[in-house]
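As a plain string of letters, each chain reads:
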Amino acid sequence: MHAGELRCPITIFSVSTEPDGDGFAVHAEKPLYDGNTVMCKWQMMYGSEQFENQTLGLVERAKITVRYDPAITNRHKVRMAAEGADAQPWEIMSMVPVDGRFEWLDIKIRREVKA
């Protein structure tokens, strides 16, 4: 993995649910890095299962690689900066340090696509 492969800006954030003044639940996004984007290597996942899901239009899956940061957890969500702030976020499925070293982090993400 080389730093030159990090070409895709993303935003990593958490979502919290809090009641508003009228008692209704409101979802609020809290960016991990003060709203700044993080550069990553973005790879869409392929294979027979993914191909089947894509043909049905159910789920998109991808793998991103970012610099290791222990602050990133499975509870965070990811949004590609090119998709805009209104795009549906990606959920983190799993995270694994590359080669067992804490330099790079492979994150598998998914999102449901509305048919």
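Going by the structure above, here's the rest.
Model, not experiment: these values are computed from the prediction. (Residues numbered from 1 in each chain as written. Predicted model: local features only at pLDDT ≥ 70, side-chain atom pairs only at ≥ 80, totals over all residues. Heavy atoms only, no water.)

(A) View of the packing of aromatic side chains. Counted under the stated rule, the structure contains two aromatic pairs. Ring geometry for W42 and W90: centres 5.2 Å apart, planes at 80°, overall edge-to-face. Separated by 48 residues along the polypeptide, W42 in strand β3 (residues 38-44) and W90 in strand β6 (residues 90-97) bring together distant segments of the chain. (Phe/Tyr/Trp six-rings, centres within 6.5 Å; stacked < 30°, edge-to-face > 60°. Helix = DSSP H or I, 4+ residues; strand = E, 2+ residues; numbered from the N terminus.)

(B) Broad picture of the nonpolar core. Ranked by size, the top nonpolar core spans 17 residues in total, and within it I10, W42, I64, V66, V78, I107 and I109 carry the most contacts. Leave out the neighbours within four places in its chain, and V78 touches I10, T11, I12, F13, W42, I64, P89, W90, I92 and I109. (Core = buried A, V, L, I, M, F, W, Y, C linked by side-chain atoms within 4.5 Å. Buried < 20%, exposed > 50% of the residue type's maximum accessible area, 1.4 Å probe, protein only. Contact = heavy atoms within 4.5 Å.)

(C) Quick look at the pattern of salt bridges. Overall, the coordinates contain eight salt bridges when judged by the stated rule. For the salt bridge of R111 with E83, the shortest nitrogen-to-oxygen distance reads 2.9 Å. With R111 in strand β7 (residues 104-112) and E83 in the loop between β5 (77-80) and β6, the pair connects residues that are 28 residues apart, well separated along the chain. With a relative accessible area of 12%, R111 lands in the buried category. Take E83: its relative accessible area is 30%, and that puts it in the partly exposed class. With a closest N to O distance of 3.8 Å, R110 and E112 form a salt bridge. Of the residues examined, R110 reaches a relative accessible area of 18% and is grouped as buried. The network of salt bridges with shared partners includes E60, E83 and R111. (Salt bridge = Lys/Arg side-chain N within 4 Å of Asp/Glu carboxyl O.)

(D) Focus on the pairing of β7. Pairing analysis gives nine bridges linking strand β4 (residues 59-67) to β7, with the strands arranged antiparallel. Within the sheet, the bridge partner assigned to R67 lies in β7 and is W104. With six bridges connecting them, β6 and β7 associate as antiparallel partners. Counterpart to I92 in the pairing with β7 is I109. Turn length for the β6-β7 hairpin, with the two strands adjacent in sequence and antiparallel, is six residues, and the turn residue D99 shows positive phi of about 55°. (Pairing = 2+ DSSP bridges.)

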